[in-house]
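The primary structure of each chain is shown beneath.
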Amino acid sequence: MTVLQENYNCVLKNIEEACKKSGRDPKDVTLIAVSKTKPLEMLRDVYDGGARHFGENKVQEMCEKMEQMPEDVNWHMIGHLQTNKVKYIVGKCALIHSVDSLHLAKEIEKQAAKQNCEVPILVEINIANEETKFGINRTEAMNLVKEIAKLPHVKIQGLMTIAPYVEDPEQNRQYFHQIWQLSVDIKNQNIDNVTMDILSMGMTGDYMVAVEEGATLVRVGTGIFGERNYNI
């Protein structure tokens, strides 16, 4: 077993522990290997170790890797998505995590209608109201969900958040709980075309706390691949 495969398995074991602690079934949590900036050899290594879900930040990079990786990979668009790039990934990626405006959702609808396909998305919430991050304010989330729900080719499947960077993951527990509560509030509205089955939250530093608070998708990059090289 390679180092990367050991890292991947270690994260899976930690997810199992967090599930055990919170009385959840580990099958309800999916690990996304965040492979942005990482070379194909590393992705293939982790793929050989069992990974089938990969997360990318940039459309071009995702499309290039998509062509060279096995067809059973589920690709997750987790970075900020510009409207002019939507056409390149509609119908190709498993889930778009980062929809934070009606403008973007309408472009996804337009491209999905052209291809006659449905596009699963998550609404991105800026739960801590950080100025440096994308995402909609929690108080505006309900209205945005109701508007996007009117688009027939766009399927809201839940929420996504990027919690603040903290040394102690316990500091983010409140934010993960708030996202979970928001998803419950939205679910209770019984909005047509909306499910709240997915909570994408938790990264290398805090994914265990996120799982304890209800995450169904965790996005781990450094914990699997090591530190990113930002010079690429």
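This text goes with the structure placed above it.
Here the structure is a predicted model, which means the values were calculated and not measured.

Calculation criteria
- Residues numbered from 1 in each chain as written.
- Predicted model: local features only at pLDDT ≥ 70, side-chain atom pairs only at ≥ 80, totals over all residues.
- Heavy atoms only, no water.
- Axes fitted to C-alpha atoms, helices over the stretch in contact; angles between N-to-C directions.
- Helix = DSSP H or I, 4+ residues; strand = E, 2+ residues; numbered from the N terminus.
- Parallel < 35°, antiparallel > 145°, perpendicular 65-115°, else oblique.
- Left-handed = near helix turned anticlockwise from the far one by under 90°.
- Contact = heavy atoms within 4.5 Å.
- Nonpolar A, V, L, I, M, F, W, Y, C, P; charged D, E, K, R; others polar.
- Buried < 20%, exposed > 50% of the residue type's maximum accessible area, 1.4 Å probe, protein only.
- Pairing = 2+ DSSP bridges.
- Right-handed = clockwise from strand over helix to strand, strands pointing away.
- Arc of directions from axis to C-beta.
- Phe/Tyr/Trp six-rings, centres within 6.5 Å; stacked < 30°, edge-to-face > 60°.
- Core = buried A, V, L, I, M, F, W, Y, C linked by side-chain atoms within 4.5 Å.

(A) Representation of the packing of helix H1 (residues 3-22) against helix H2 (residues 40-48) in the model. Closest axis-to-axis distance for the H1/H2 pair is 8 Å, and the angle between their directions is 55°. Of the possible angle classes, the one that applies to H1 and H2 is oblique. Both H1 and H2 take part in a crossing whose hand is right-handed. Contacts from Leu-4, Gln-5 and Tyr-8 in H1 reach Met-42, Asp-45, Val-46 and Asp-48 in H2. Grouping the constituent residues of the contact of H1 with H2 by class yields 4 nonpolar, 1 polar and 2 charged.

(B) Quick peek at the pairing of strand S4 (residues 95-99). Within S4, 5 of the 5 residues are buried, which leaves it mostly tucked inside the rest of the structure. Sheet topology note: the strand S3 (residues 74-77)/S4 ladder contains 2 bridges and is parallel. When the bridges of S4 are listed, His-76 appears paired with Leu-95. Relative to strand S5 (residues 119-125), S4 is paired through 2 bridges, and the arrangement is parallel. If you follow Val-99 over to S5, its bridge partner there is Val-123. For the crossover that starts at S4, traverses helix H5 (residues 102-115) and ends in the parallel S5, the hand is right-handed.

(C) Quick look at helix H6 (residues 141-148). Those residues of H6 lying buried are Ala-141, Met-142, Leu-144, Val-145 and Ile-148. Summarising the axial view, the buried residues of H6 lie within an arc of 165°, below the 170-degree limit, and thus occupy one face. Contacts from the buried residues of H6 go to S4, H5, S5, strand S6 (154-161), helix H7 (173-187) and strand S7 (194-200).

(D) Here's a closer look at helix H3 (residues 59-68). Looking only at H3, the buried set comprises Val-59, Glu-61, Met-62, Cys-63, Lys-65 and Met-66. Buried residues belonging to H3 abut H2, strand S2 (53-56), S3 and helix H4 (86-89).

(E) Looking closely at the packing of aromatic side chains. Counted according to the given criterion, the structure contains 1 aromatic pair. Residues Phe-54 and Trp-75 carry aromatic rings whose centres are separated by 5.9 Å and whose planes lie at 35° to one another, so their mutual orientation is tilted. On the criterion of sequence distance, the pair formed by Phe-54 in strand S2 and Trp-75 in strand S3 is long-range, its members being 21 residues apart. Summarising the burial analysis for this pair, Phe-54 and Trp-75 share the class buried.

(F) The nonpolar core, seen in detail. Phe-54, Ile-96, Ile-108 and Ile-148 are the most contacted members of the largest nonpolar core, which has 71 residues in total. Those residues in contact with Phe-54 that lie beyond four places of it in its chain are Ile-32, Ala-33, Ser-35, Leu-43, Val-46, Tyr-47, Met-69, Val-73, Asn-74, Trp-75, His-76 and Phe-225. Counting residues in hydrophobic clusters, the runner-up holds 6 residues, among them Ile-32, Leu-122, Met-160 and Leu-217.

(G) Here's a closer look at unusual backbone geometry. Phi angles above zero are rare outside glycine, and Asn-116 is one such case at about 55°. For Asn-116, the location among the structural elements is in the loop between H5 and S5. In this structure Asn-116 comes out as exposed when scored by relative accessible area, which is 64%. At Asn-193, a residue that is not glycine, the phi angle is positive and equals roughly 75°.

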